[in-house]
Amino acid sequence: MSVNPTCLVLIILLFISIILTFKGYLISCVWNCYRYINGRNSSDVLVYVTSNDNTVLLPPYDDATVNAAAKEPPPPYVSA
């Protein structure tokens with residue numbers, strides 16, 4: 001072990017700080033997912049924001065499935 005003790009301490013501290021930063025990132029991912037799941041169950045209308053910052057209100061899931069079932073089926077396929 002010909003490594004300078006000060007250099008060894010800095011390497012160990014850097015390694016520990018990288019591990020703690022990665023753990024903090026994973027905890028924030030889990031927290032954001034938890035908030036998304038809890039927020040999804042409490043809202044009646046979902047808001048979808050497009051890339052050009054236009055806001056589109058989506059209908060509740062039950063209304064969307066009822067309306068989709070009420071449409072008439074497409075015309076039959078005719079081969080050319």
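As a convention, each chain's residues are numbered from 1 in the sequence order in which they are written. Confidence filtering applies because this is a predicted model: local features only for residues at pLDDT of at least 70, side-chain atom pairs given and counted only at 80 or more, and all residues used for totals across whole chains, interfaces and linings. To get the side-chain values, all heavy atoms of the structure are used, and hydrogens and water are removed first.

- The chain has the name Lysosomal-associated transmembrane protein 4B in an unreviewed UniProt entry, where Sapajus apella is given as its organism.
- Per UniProt, the chain has the following entry under Sequence similarities (unreviewed entry): "Belongs to the LAPTM4/LAPTM5 transporter family." UniProt positions are given in the numbering used here, feature names are shortened, and annotations may be inferred rather than shown by experiment.

## Quick look at the overall build of the chain
Moving on, step 1. Broken down by element type, the chain carries 2 helices and 2 strands.
Moving on, step 2. A 1.4 Å probe rolled over the protein chains alone gives each residue an accessible area, and that area as a share of the maximum for its type sets the label: buried under 20%, exposed over 50%, partly exposed in between. The buried share among the 80 residues of the chain stands at 0%. Helix numbers and strand numbers start at the N terminus; a helix is a DSSP run of H or I with at least 4 residues, a strand a run of E with at least 2.

## Let's talk about the state of the cysteines
Moving on, step 1. The disulfide criterion used throughout: a pair of cysteine sulfur atoms within 2.5 Å. Inspection of every chain in the model, using the stated rule, returns 0 disulfides.
Moving on, step 2. C33 supplies the cysteine sulfur nearest to C29, a cysteine that is in no disulfide, at a spacing of 9.1 Å.

## Digging into the confidence of the model for the chain
Detailed reading of the predicted coordinates is not advisable wherever pLDDT falls low.
Moving on, step 1. Taken residue by residue, the chain gives an average pLDDT of 78. The fraction at 70 or more is 69%.
Moving on, step 2. Mean pLDDT per element in the chain: strand β1 (residues 46-49) is the minimum at 53, and helix α1 (residues 5-42) is the maximum at 91. Residue-level confidence of the predictor, termed pLDDT, takes values from 0 up to 100.

## Some details on a nonpolar patch on the surface
Moving on, step 1. Taken together, the side chains of V3, L8, I12, F15, I16, I19 and L20 make up a nonpolar region of the molecular surface, amounting to roughly 620 Å² of accessible area.
Moving on, step 2. Of note, I16 is situated in helix α1.
Moving on, step 3. Residue class for I16 comes out partly exposed when judged on its relative accessible area of 40%. Like charges are joined within 9 Å and nonpolar side chains (Val, Leu, Ile, Met, Phe, Trp, Tyr) within 5 Å, but only among residues with over 30% relative accessible area and no salt bridge; these make up the patches. Throughout, the Shrake-Rupley method with a 1.4 Å probe supplies accessible areas, and for residues the shown protein chains are the sole cover considered. For this document, the term salt bridge refers to a Lys or Arg side-chain nitrogen within 4 Å of an Asp or Glu carboxyl oxygen.

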